[in-house]
Amino acid sequence: MLQYKPSSFRMWSRLGPSGALNAAAMELPAIDERVVFVTADLCFFSGLERFAQKYPDKIFNVGIAEQNLIGFASGMYAEGLRPFVTTYATFASLRAAEQIKVNMAYMQRGVKVIGLTAGFAAGILGATHMALEDIAAIRAMPGIIVVDPADCTEMVKAITAAAFIEAPMYIRFTGPINCPQVYSEDYFFEIGKAIRLRMGTDVEIVACGSMVYRAIRAAELLEQRGISCGVTNMHTVNPLDTAYLDALKSPIVTVEEHCIRGGLGAAVCEYLSATGDKSVLRIGVDGVYPHAGNYEDLLEESGLTENQIAERIERELTRRKL
């Protein structure tokens, strides 16, 4: 049984997203015996080898065929199974977009898609493997829950929570091996409910995925400069926790390891444009596909390090844009 304790959180962080996926996967058959995993030739990369050894009748490999992956899983769901599918986030969201639209969104079949190496996690392989538009693509389809966990502990919580939900879901994994920890103690996680991590009065950073950790560090830097900055983990991008947004009093800054078009920032702005007059600054990847590079270099090139986030917020506050 999973133990949510500091030593587990540290271990999952060291192992990275694939280790977190394995930890959650090993628990799912006990939650629901109908759970199966389907992969597009990424059993080892997904961290599912232990799962395959323990549950050889619950894992299926369709090969490098992402469109078939979704159709295959949809058929399994129709026959009473509860499939979780894994592949690179960019291929899941874009190469199989039509299959997700028809077999998941339109038919409302509760397949759970786990998008590996979202954002810049596979950036060393170039723009073809960077998933910077995946939230935008999936969020446009009605009825699909989109979750972007803050760290490896939240990845485990999101996957186990998904086993109790019949709706189709897309869960994206950002961050590298040795993924920074946001949580060091157990906490309550609920899909669709934002989590306040830090109180502040001058500005509120609303972040998702790997950027939650960067937002916390940026807030600490801003505090040293006399700026009180709150931090919110908006792990569920669709549906947004709109009641939480309504309650915020400070100007909002959204931060995401994703294109600013169609992602978390766009979702927040879409909601607030119809319901309020809060100022919103969106920070994310803007208008460029970076060249291949390592993870930290790509974040810096895109203005997504904690120092760059803090400087951007301070600059915009000084210019009275927030």
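Residues numbered from 1 in each chain as written. Predicted model: local features only at pLDDT ≥ 70, side-chain atom pairs only at ≥ 80, totals over all residues. Heavy atoms only, no water.

Enquirer: Can you walk me through the packing of helix 10 (residues 211–224) against helix 14 (residues 306–318) in this structure?
Expert: Geometrically, a packed helix pair is captured by the angle between its two axes and the distance between the axes. Packing of helix 10 against helix 14 brings their axes to within 8 Å, and their N-to-C directions diverge by 55°. Relative to helix 14, the element helix 10 lies oblique. Considering the relative orientation of helix 10 and helix 14, their crossing is right-handed. In this structure, helix 10 uses Met211, Arg214, Arg217, Ala218, Leu221 and Leu222 to contact helix 14, whose residues at the interface are Glu306, Asn307, Ile309, Ala310, Ile313 and Glu314. Tallied by class, the residues present in the contact of helix 10 with helix 14 amount to 7 nonpolar, 1 polar and 4 charged. (Axes fitted to C-alpha atoms, helices over the stretch in contact; angles between N-to-C directions. Helix = DSSP H or I, 4+ residues; strand = E, 2+ residues; numbered from the N terminus. Parallel < 35°, antiparallel > 145°, perpendicular 65-115°, else oblique. Left-handed = near helix turned anticlockwise from the far one by under 90°. Contact = heavy atoms within 4.5 Å. Nonpolar A, V, L, I, M, F, W, Y, C, P; charged D, E, K, R; others polar.)

Enquirer: It is not clear to me how the nonpolar core should be interpreted in this structure. Could you clarify?
Expert: Counting 70 residues, the largest nonpolar core has Phe37, Phe84, Phe120, Ile159 and Val255 as its most contacted members. The element best represented in this core is helix 10, accounting for 8 residues. Filtering out sequence-adjacent residues up to four positions away, Phe84 remains in contact with Leu28, Val35, Val36, Phe37, Val38, Lys112, Ile114, Ile159, Ala162 and Ala163. Counting 40 residues, the second largest nonpolar core, distinct from the first, contains Met76, Ile100, Ala105 and Ile138. (Core = buried A, V, L, I, M, F, W, Y, C linked by side-chain atoms within 4.5 Å. Buried < 20%, exposed > 50% of the residue type's maximum accessible area, 1.4 Å probe, protein only.)

Enquirer: What is the right way to look at the packing of helix 1 (residues 6–15) against helix 9 (residues 152–162) in this model?
Expert: Taken N-terminus to C-terminus, the directions of helix 1 and helix 9 make an angle of 100°; their axes are 8 Å apart at the nearest point. The angle between the axes of helix 1 and helix 9 places the two elements in the roughly perpendicular class. Taken together, the residues of helix 9 that come into contact with helix 1 (itself represented by Phe9, Trp12 and Ser13) are Cys152, Thr153 and Val156. Residue composition of the contact of helix 1 with helix 9, grouped by class: 4 nonpolar, 2 polar and no charged.

Enquirer: Explain unusual backbone geometry here, please?
Expert: Note: most peptide bonds trans; most residues except glycine with negative phi. Note the cis peptide between Asn238 and Pro239, where omega equals 0°. Its place among the elements puts Pro239 in the loop between strand 10 (236–238) and helix 11 (242–247). Phi is positive for Gln108, close to 50°, though the residue is something other than glycine. Judged by relative accessible area, Gln108 falls into the partly exposed class, the value being 39%. Positive phi, normally seen in glycine, also occurs at Asn178, with a value near 60°. A relative accessible area of 52% means that Asn178 is categorised as exposed.

Enquirer: For this particular structure, what's the right way to read empty space enclosed by the protein?
Expert: Empty space among the atoms becomes apparent when a probe as large as a water molecule is rolled across them. Applying the stated rule across the entire model yields 2 cavities of 30 Å³ or more. Considered as a void within the structure, the largest cavity measures approximately 60 Å³ in volume. What lines the largest cavity is simply Asp32, Arg34, Val35, Arg82, Pro83, Phe84, Gly110, Lys112, Ala162, Ala163, Ile165 and Glu166. In terms of residues, the lining of the largest cavity owes the most to one element, strand 3 (residues 82–88), which gives 3 residues. Within the lining of the largest cavity, the residues separate by chemical class into 6 nonpolar, 1 polar and 5 charged. Size it by volume and the second largest cavity reaches roughly 30 Å³. The residue inventory of the lining of the second largest cavity, partitioned by class, reads 4 nonpolar, 2 polar and 1 charged. (1 Å grid on protein atoms, 1.4 Å probe; cavity = no way out; pocket = protein on both sides within 12 Å on 5 of 7 lines; lining within 4 Å. Points joined across faces, edges and corners; volume = space filled by probe spheres on them.)

Enquirer: Would you explain the environment of Pro56 in this entry?
Expert: Tracing the backbone shows Pro56 in the loop between helix 4 (49–54) and strand 2 (59–61). In this structure, the C-alpha to C-alpha distance between Pro56 and Arg282, residues 226 residues apart in sequence, is 45 Å.

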